Amino acid sequence: MDPAIQAIEFLARSEHRLAVLDALAERPLDRRDLREATGASDPTIGRVLRDFEDRSWIGRDGPAYNLTPLGEYVTDLFFDLRDGMRT
């Protein structure tokens, strides 16, 4: 399967992944803030963060996580696609 389609599927299959991206698009957050913003459990947040770090979509500054330039790009494109498909 095309890696681009795999990335889209990876995001589309998890509301928690989308919620984390959406929250981090606003500002850097620590794990506690991400749990509160997404309603996800600590283990789920940990998995999402590891997955995003492996893809170089997020970075860390102390306890706070933030989108990398690649993460910002992916987030913008994915949410634009999602919003376009709603119409």
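Now for the overall build of the protein. Looking only at helices and strands, the protein features five helices and two strands. Taken from N to C terminus, the helices and strands of the protein fall in the order α-α-α-α-β-β-α. For 87 residues, the compact-globule estimate of 2.2 N^0.38 gives 12 Å, and the C-alpha radius of gyration of the protein, at 12 Å, lies within 12% of that figure. Considering only C-alpha atoms, the protein reaches an extent of 35 × 25 × 20 Å along its principal axes. A total of 87 residues make up the protein; the buried ones form 34% of that total. Split by element, the accessible area of the protein, about 5500 Å² in all, is 49% carbon and sulfur.

Another aspect to go through is the pattern of salt bridges. Per the stated rule, a full pass over the model turns up seven salt bridges. Glu9 is the partner of Arg13 in a salt bridge, and the nearest nitrogen-oxygen pair spans 2.9 Å. Across the pair Arg35 and Asp42 runs a salt bridge, and its minimum N-O distance is 3.0 Å. Residues joined by salt bridges that share partners form a network here, namely Arg31, Arg35 and Asp42.

This next bit is on the pairing of strand E2 (residues 64-67). Residues Tyr65 and Leu67 line the buried face of E2, whereas the alternating positions Ala64 and Asn66 sit on a face that is not buried. Note: strand E1 (residues 58-61) against E2, four bridges, orientation antiparallel. By the bridge assignment for E2, Asp61 is matched with Ala64. In this structure, the hairpin formed by E1 and E2 is closed by a connection of two residues, where Gly62 is found at a positive phi of approximately 65°.

Let us now look at the confidence of the model for the protein. Of the residues in the protein, 100% reach a pLDDT of 70 or more, and the chain-wide mean stands at 95. Per-element confidence in the protein is highest for E2, whose mean pLDDT is 98, and lowest for helix H1 (residues 3-12), whose mean pLDDT is 91.

Take a nonpolar patch on the surface next. A contiguous nonpolar surface patch, about 520 Å² in accessible area, is contributed by Met1, Ile5, Ile8, Leu81 and Met85. When residues of the nonpolar patch are traced back to their parent elements, those giving at least two are H1 and helix H5 (69-86).

Reading guide: rules and limits
Residues numbered from 1 in each chain as written. Predicted model: local features only at pLDDT ≥ 70, side-chain atom pairs only at ≥ 80, totals over all residues. Heavy atoms only, no water. Helix = DSSP H or I, 4+ residues; strand = E, 2+ residues; numbered from the N terminus. Rg over C-alpha atoms; globule rule 2.2 N^0.38 Å. Buried < 20%, exposed > 50% of the residue type's maximum accessible area, 1.4 Å probe, protein only. Areas by Shrake-Rupley, 256 points an atom, 1.4 Å probe, with all protein chains shown as cover. Salt bridge = Lys/Arg side-chain N within 4 Å of Asp/Glu carboxyl O. Pairing = 2+ DSSP bridges. pLDDT = per-residue confidence, 0-100. Patch = residues over 30% accessible without salt bridge, like charges linked within 9 Å, V, L, I, M, F, W, Y side chains within 5 Å.

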